[in-house]
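Analysis of the macromolecular model
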Amino acid sequence: MKKTLLKIAGYSAVGLGFAGAFLPILPTTPFLLLAIYCFSKSYPEMIDWLYANKHFGQYLKNYNCGKGVPVFVKFSAIVTMCSVIAFTAIIFIQTTWLRVLLFVIALAVSVHIATLKTCRNGEKN
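Description of the structure in this document. (Residues numbered from 1 in each chain as written. Predicted model: local features only at pLDDT ≥ 70, side-chain atom pairs only at ≥ 80, totals over all residues. Heavy atoms only, no water.)

Some details on the overall build of the chain
Spelled out, the test is: Segments assigned H or I by DSSP are reported as helices when at least four residues long, segments assigned E as strands when at least two residues long, and all are numbered from the N terminus. Residue burial is assigned from relative accessible area. The probe radius is 1.4 Å, only protein chains are included, and a residue is buried under 20% of its type maximum, exposed over 50%, and partly exposed in between. Two residues form a contact once any of their heavy atoms are found within 4.5 Å. Each accessible area is a Shrake-Rupley result for a 1.4 Å probe, and residues are judged covered by the shown protein chains and nothing else.
Along its length, the chain carries 6 helices and 2 strands. Each helix and strand of the chain, ordered N terminal to C terminal, gives the series α-α-α-α-β-α-α-β. Its C-alpha atoms give the chain principal-axis dimensions of about 50 × 40 × 20 Å. Going through the 125 residues of the chain one by one, you find that 26% of them count as buried. Within the chain, counting contacts between residues at least 6 apart in sequence, those at least 24 apart form 62% of the total. Looking at the chain as shown, the accessible area adds up to about 8300 Å², and 70% of this sits on carbon and sulfur atoms.

Next comes the structure, spelled out in structure tokens:
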């Protein structure tokens, strides 16, 4: 039963990760890392499939192996996140404390992303 639930969670995380590749409000990488964790406990063959993906497999391998994240990925993640949060806070949020909270969260996540180890674009496993 536990393996089945972990498989379902893994597939759900992959689905949300794919959606996050196209929707700026959903993060891709955390969902894919969650999928790797779930599959490591239930269906290890799927980890190879994720690592073999031509769009994000190399990023996942580099991140999980401790090699880091390319500068372009860091930059695009920070710009996209800050743009969406700024747009949301300015257009849709009327409460000042909630706007401030959103900007503090954006700052904290930006600092976290910026401080992740950086790998060279050509670095392979």
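The rest of the description comes next.
Some details on the packing of helix α2 (residues 29-42) against helix α4 (residues 57-64)
Heads up, the rule is: For helices, the fitted line uses only the C-alpha atoms of the stretch in contact; every axis is such a line through C-alpha atoms, and the angle between N-to-C directions lies from 0 to 180 degrees. With respect to orientation, any angle under 35 degrees is reported as roughly parallel, any angle over 145 as roughly antiparallel, any angle of 65 to 115 as roughly perpendicular, and every other angle as oblique. Each residue is assigned to one class: nonpolar for Ala, Val, Leu, Ile, Met, Phe, Trp, Tyr, Cys and Pro, charged for Asp, Glu, Lys and Arg, and polar for all the others, Gly among them.
At their nearest, the axes of α2 and α4 sit 11 Å apart, and the two run at 70° to each other. Classified by the angle between their axes, α2 and α4 sit roughly perpendicular to one another. Across from L32, L33 and I36 in α2, the residues of α4 making contact are L60, Y63 and N64. In terms of residue class, the contact of α2 with α4 is made up of 5 nonpolar, 1 polar and no charged.

A closer look at the packing of aromatic side chains
Put simply, the rule reads: Centre distance within 6.5 Å is the pairing criterion for rings of Phe, Tyr and Trp, where only the six-membered ring of Trp is used; planes under 30 degrees apart are then read as stacked, over 60 as edge-to-face, and the remainder as tilted. By definition here, charges over rings are those cases where NZ of Lys or CZ of Arg is within 6 Å of the ring centre and within 35 degrees of the ring normal.
All chains considered together, the criterion is met by 5 aromatic pairs. Members of the aromatic cluster, each reached through a chain of ring pairs, are Y11, F39 and Y43. When the ring centre of Y43 is taken as reference, the NZ or CZ atom of K7 above it lies at 4.8 Å.

Observations concerning the layout of surface pockets
Just so we agree on the cut-off: Grid points spaced at 1 Å over the protein atoms alone were grouped into cavities, where a 1.4 Å probe fits but cannot get out, and pockets, open sets with protein on both sides within 12 Å along at least five of seven lines, with lining residues defined by an atom within 4 Å of a point. Grid points are joined across faces, edges and corners, and a volume is the space filled by probe spheres set on the points.
What the largest pocket holds in volume is close to 1100 Å³. Lining the largest pocket are 37 residues, with P27, T28, T29, V73 and A77 positioned closest to its centre. Contributing elements (two or more residues each) for the lining of the largest pocket: α1 (2-22), α2, α4, β1 (69-70), α5 (71-91) and α6 (96-115). Among the elements that make up the lining of the largest pocket, the one with the highest residue count is α5 (9 residues). The residue makeup of the lining of the largest pocket, split by class, is 26 nonpolar, 10 polar and 1 charged.

Observations concerning the packing of α5 against α6
In the contact formed by α5 and α6, the axes pass within 10 Å of each other and the chain directions differ by 180°. Put simply, α5 runs roughly antiparallel to α6. Here K74, A77, I78, M81, C82, I85, A86, A89 and I90 of α5 come into contact with α6, specifically with R99, L102, F103, A106, V109, S110, I113 and A114. By residue class, the composition of the contact of α5 with α6 is 14 nonpolar, 1 polar and 2 charged.

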